[in-house]
Amino acid sequence: MSDRPNVLLVAIDTLRADHVSCYGYQKRTTPRLDELARDGVLFETCIAPGVPTHPGYTTIFTGVHPLRHKIVCHAGSVALSDSIRTLPELMRALGYVTAAVDNLAVEAPWFLRGYEHYIHSGGITVISRGIKVTGRVVTEKAATFLRQWRDGAYGDRPFFLFVHYWDPHAPYLPPEDLIEEFYEGPGPKLEPMLKRTRWGRLLLRGWLGDLIKRGRDDKNYVDASYDAEIRYADAMLGELLDLLRDMGEYDSTLIIVTADHGESMGENQVFYDHHGLYEWDVHVPLIMRLPGVLPRGARVGGLVTHEDVLPTVLEAIGAEPPPDVDGTSLVRLAGGRAAAREFVVCVENTRMTKRAIRTSRWKLIETMRPDIYGRPAGHIELYDLRRGEGENLVDESPDVARELLYELETWYRAKLAGTPDPLATQEISLPVS
């Protein structure tokens, strides 16, 4: 058997960090993730530079910012360049047996690259062109691979396994008993709220409209359903971790759990989707465990991003990342031997075109094309994150806004390095009619 550790990379789609118990959420949504965090490292402020799904996962698998890998749309018209190597390709070249339980490659073939075994999880296409599948199916397929590996089906190579859970993605369809665990009784009616925006009216024509017709015009019930989906995905993850223990591989496997983006529960007038570049959209969990390499029970402050996942995996297994990645290994940061970045630049071009700069205290969001909420191109939002994102402070703090705009533009142009701006050259991929 190889001296290198196995790698289990788990993504729980559409999981906002502030609905995870170990990130401070008061409801017990994630007992198994909490256990993993107590046993490993929790990064308190991991930011997704590109949302939603395809930009998010492309960044995770390349360590490259969306402005450089050019995947800024979900279900867009641009494919990842063959010149950018993905994490599965790198792991396979290092002698790992590479496998995924996933369905991203249905619409984005570059997610196939590097895998010897791409185990398609199936699922149903949802409003945002994702393909939702229950965690039970995903877990059983992943467990089958792990048992085959244990039984020697792939020789003595370590494994790299990517497991993609979709449960918290809308529409929320968890077991009813889990909803009751989080439901606190009737709340505000959803229909009047949804009618106020184009996005809300679109939801009324779909799964939320059907739910309301069935007598569930109740925001508390829908919010509880989201939390129940998180609890369900957490339980499925727990089964995989238990299997690793039974196999004797738990302590010799680098385990990483993250998400591609978050989800809005109605904040900023966005309901049950992931657009806007607000904190509920871009602040995602990132938890890692590997005894002997990563400390136990550490909570690491400072800004980290999806770009950091690939170089972290490679350093943790004793390999070097490609020279052109944008991320930085978090192994040294977790050990207190490095500094976090000063800011993160985020972009989106799926429902609308936005860019943002996020520091430890401030966030500035710039609207690049007129959006579905009536904001014109050039509209600026400025938030002091200590006060939340409910009040636009651009008129109250114009000097801060100017400084952040300068920082954003300077960084943005340097990152493009003379190449076309994908936010300008690519059309919005999923416009709201």
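Note that the structure is predicted; figures quoted are calculated from it, not measured.

**Student:** If you had to explain the overall build of the protein to someone new, which residues and values would you point to?
**Tutor:** Helix and strand counts for the protein come out as 15 helices and 16 strands. For 433 residues, the compact-globule estimate of 2.2 N^0.38 gives 22 Å, and the protein sits close to it at 21 Å. Here the C-alpha coordinates of the protein stretch approximately 60 × 55 × 40 Å along the principal axes. When burial is assessed residue by residue, the protein has 64% of its 433 residues classed as buried. At a minimum sequence separation of 6, the contacts of the protein that also span at least 24 residues come to 70%. Here the protein holds 49 positive side-chain charges and 62 negative ones, and the gap between their average locations is 2 Å.

**Student:** Describe the pairing of strand 15 (residues 362-367), and please don't skip the residues or the numbers.
**Tutor:** Note on strand geometry: in a regular strand, side chains alternate between the two faces of the sheet. Burial analysis of strand 15 places six of its six residues in the buried class, which makes it a mostly covered element. Of the two faces of strand 15, the one holding Trp362, Leu364 and Glu366 and the one holding Lys363, Ile365 and Thr367 are both buried throughout. If you look at the hairpin formed by strand 14 (residues 353-359) and strand 15, you'll find two residues sitting between the two strands. Where strand 15 lies against strand 16 (residues 380-384), five bridges are found, and the strand directions are antiparallel. Opposite Glu366, over in strand 16, you have Ile380 as the bridge partner.

**Student:** Outline the environment of Ile212, listing residues and values.
**Tutor:** Considering the arrangement of structural elements, one finds Ile212 in helix 9 (residues 207-213). Here Ile212 is in contact with Leu190, Glu191, Leu204 and Asp217, once residues within four sequence places are set aside.

**Student:** So what's going on with the sheet that holds strand 13 (residues 343-349)? Which residues, and what values?
**Tutor:** Read from one edge of the open sheet, five strands run 3-13-14-15-16, paired in mixed fashion. Edge positions in the sheet fall to strand 3 (50-51) and strand 16, since each has one partner strand and no second. The pairing of strand 3 with strand 13 spans two bridges and is parallel. When the sheet's bridge partners are listed, Gly50 is paired in strand 13 with Val347.

**Student:** Outline the packing of helix 5 (residues 135-150) against helix 10 (residues 219-247), listing residues and values.
**Tutor:** Following both chains from N to C, one finds helix 5 and helix 10 inclined at 10 degrees, their axes separated by 10 Å at the closest point. Considering their axes alone, helix 5 and helix 10 lie roughly parallel with respect to each other. Here Gly135, Arg136, Thr139, Ala142, Ala143, Leu146, Arg147, Trp149 and Arg150 of helix 5 come into contact with helix 10, specifically with Tyr232, Met236, Glu239, Leu240, Leu243, Leu244 and Met247. Tallied by class, residues from the contact of helix 5 with helix 10 come to 10 nonpolar, two polar and four charged.

**Student:** Account for the packing of aromatic side chains, with residues named and values stated.
**Tutor:** Applying the stated rule across the entire model yields 17 aromatic pairs. Taken together through their ring pairs, the aromatic side chains of Tyr57, Phe61, Trp110, Phe111 and Phe162 make up a single cluster. In this structure, Arg216 is placed above the aromatic ring of Tyr221, and the distance from its NZ or CZ to the ring centre is 3.8 Å. The aromatic ring of Tyr412 is capped on one face by Arg355, whose charged end is 4.5 Å from the ring centroid.

**Student:** An account of the side chain of His274 is requested, with residue identities and associated values reported.
**Tutor:** Here His274 is to be found in the loop between strand 9 (253-258) and helix 11 (279-282). A distance of 2.8 Å separates polar atoms of two side chains, one belonging to His274 and the other to Glu263. Leaving out residues up to four positions away in the same chain, His274 has contacts with Thr14, Pro52, Ser128, His169, His261, Gly262, Glu263, Trp280 and Asp281.

**Student:** Requested: an account of the pattern of salt bridges, with residues and values cited.
**Tutor:** All told, the structure shown has 40 salt bridges when counted by the stated rule. In this structure, the salt-bridge partner of Glu191 is Lys195, at a minimum N-O distance of 3.6 Å. Given a relative accessible area of 29%, Glu191 falls into the partly exposed group. When the shortest N-O distance is used, the salt bridge between Arg355 and Glu366 registers 2.8 Å. Here Arg355, found in strand 14, pairs with Glu366, found in strand 15; they are 11 residues apart in sequence, far enough to count as distant. When its relative accessible area of 13% is taken as the criterion, Glu366 is described as buried. The network of salt bridges with shared partners includes Arg32, Glu35, Asp242 and Arg245.

The rules behind these values
- Residues numbered from 1 in each chain as written.
- Predicted model: local features only at pLDDT ≥ 70, side-chain atom pairs only at ≥ 80, totals over all residues.
- Heavy atoms only, no water.
- Helix = DSSP H or I, 4+ residues; strand = E, 2+ residues; numbered from the N terminus.
- Rg over C-alpha atoms; globule rule 2.2 N^0.38 Å.
- Buried < 20%, exposed > 50% of the residue type's maximum accessible area, 1.4 Å probe, protein only.
- Contact = heavy atoms within 4.5 Å.
- Lys, Arg positive; Asp, Glu negative; His and termini not counted.
- Charge placed at Lys NZ, Arg CZ, Asp CG, Glu CD.
- Pairing = 2+ DSSP bridges.
- Axes fitted to C-alpha atoms, helices over the stretch in contact; angles between N-to-C directions.
- Parallel < 35°, antiparallel > 145°, perpendicular 65-115°, else oblique.
- Nonpolar A, V, L, I, M, F, W, Y, C, P; charged D, E, K, R; others polar.
- Phe/Tyr/Trp six-rings, centres within 6.5 Å; stacked < 30°, edge-to-face > 60°.
- Lys NZ or Arg CZ within 6 Å of the ring centre and 35° of its normal.
- Polar contact = N/O pair within 3.5 Å; in protein donor to acceptor, adjacent residues only side chain to side chain.
- Salt bridge = Lys/Arg side-chain N within 4 Å of Asp/Glu carboxyl O.

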